[in-house]
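Take a look at the letters that make up each chain.
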Amino acid sequence: MAVYHDVEKALTCWHRNFVRTQYGIQGWKTAKIYLDFIVSVQLHGEGSRSVVLDTQSNYLDNLDTADKREVLSSLSDHFQ
């Protein structure tokens, strides 16, 4: 992911978020959710938008993943 972020022209900056020491989102079912990356995306003529990314492999599909998906989906829906 970090190599991709370095070459993607739409990204103005990115930060690797370290688990349990930096930015976290408080969920309602579990402890804080620590997402992997925080990026700033340059939109075409519309400024920029901050985005948080959590990279999960298929083998990590468990209750924790479901909770993260529910919290992030709710936040995304309310943002729009």
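As the structure is a prediction and not an experimental result, all values here were calculated from the model.

*Asks:* Describe the overall build of the protein chain, with residues and values.
*Replies:* The secondary structure content of the protein chain amounts to two helices and five strands. The proportion of buried residues among the 80 residues of the protein chain is 21%. Residue pairs at least 24 apart in sequence account for 36% of intrachain contacts in the protein chain once pairs closer than 6 positions are excluded. As displayed, the protein chain has an accessible area near 6,100 Å², and 54% of this comes from carbon and sulfur atoms.

*Asks:* Any chance you could break down the packing of aromatic side chains for me, citing the residues and the numbers?
*Replies:* For the coordinates displayed, the defined rule picks out one aromatic pair. Geometry around Phe37 places Arg16 over its ring, the cationic atom sitting 5.4 Å from the centre.

*Asks:* Go over the sheet that holds strand 5 (residues 48-53), please, and point to the residues and values.
*Replies:* Whenever strands of a sheet pair, they do so through backbone hydrogen bonds, lying parallel or antiparallel. Taken in spatial order, the three strands line up as 1-4-5 in an open sheet, and their pairing is antiparallel. For this open sheet the edge positions go to strand 1 (11-16) and strand 5, each flanked by a neighbour on one side alone. Recorded for the sheet is a direction-independent mean angle of 15 degrees between the axes of neighbouring strands. When strand 1 meets strand 4 (residues 37-42), the two strands line up antiparallel, connected through five bridges. Along strand 4, the bridge assignment pairs Arg16 with Phe37.

*Asks:* Before we move on, could you go through the side chain of Asn17 and cite the residues and values that matter?
*Replies:* The topology assignment puts Asn17 in the loop between strand 1 and strand 2 (25-26). A polar atom in the side chain of Asn17 sits 2.7 Å from the backbone oxygen of Tyr23. The contacts of Asn17, once residues within four sequence positions are left out, are Gln22, Tyr23, Tyr34, Leu35, Asp36, Phe37 and Ile38.

*Asks:* Please give an account of the side chain of Ser40 that cites residues and values.
*Replies:* Within the secondary structure layout, Ser40 lies in strand 4. Assessed through its relative accessible area of 11%, Ser40 is described here as buried. With residues up to four places along the chain from it excluded, the contact list for Ser40 reads Ala10, Leu11, Thr12, Cys13, Ser48, Arg49 and Ser50.

*Asks:* How would you sum up the pattern of salt bridges? Please name residues and give values.
*Replies:* Applying the stated rule across the entire model yields one salt bridge. Measuring nitrogen to oxygen at the nearest pair gives 3.9 Å for the salt bridge that ties Asp36 to Arg16. Of this pair, Asp36 sits in the loop between strand 3 (32-33) and strand 4 while Arg16 is found in strand 1, placing the two residues 20 residues apart along the sequence.

Calculation notes
- Every chain's residues receive numbers from 1 upward, in the order its sequence appears when written.
- Reporting of local features is limited, given that this is a predicted model, to residues whose pLDDT is at least 70; pairs of side-chain atoms are given and counted only at 80 or more, and all residues count toward the totals for whole chains, interfaces and linings.
- Side-chain numbers here rest on the full set of heavy atoms in the structure, without hydrogens or water.
- Helical segments are the DSSP runs of H or I of at least four residues, strand segments are the runs of E of at least two, and each set is numbered from the N terminus.
- Relative accessible area decides the class of each residue, using a 1.4 Å probe on protein chains only: under 20% of the type maximum gives buried, over 50% gives exposed, and in between gives partly exposed.
- Any two residues whose heavy atoms approach within 4.5 Å at even a single point are treated as in contact.
- Residue-level accessible areas treat just the shown protein chains as cover; the underlying method is Shrake-Rupley with a 1.4 Å probe.
- For this analysis, a ring pair means two rings from Phe, Tyr or Trp (six-membered ring only for Trp) whose centres lie within 6.5 Å, classed as stacked if their planes differ by under 30 degrees, edge-to-face if by over 60, and tilted for the remaining angles.
- Two limits define a charge over a ring: the Lys NZ or Arg CZ must be within 6 Å of the ring centre, and within 35 degrees of the ring normal.
- Two strands make a pair as long as DSSP finds a minimum of two bridges between them.
- A fitted line through C-alpha atoms serves as each axis, taken over the contacting stretch for helices, and the angle formed by two N-to-C directions is quoted from 0 to 180°.
- Within 3.5 Å is the distance limit for a polar contact, defined as a pair of N or O atoms, with the added protein rule that one can donate a hydrogen and the other accept it, and that residues adjacent in sequence qualify only through two side-chain atoms.
- Should a side-chain nitrogen of Lys or Arg be within 4 Å of a carboxyl oxygen of Asp or Glu, the pair is scored as a salt bridge.

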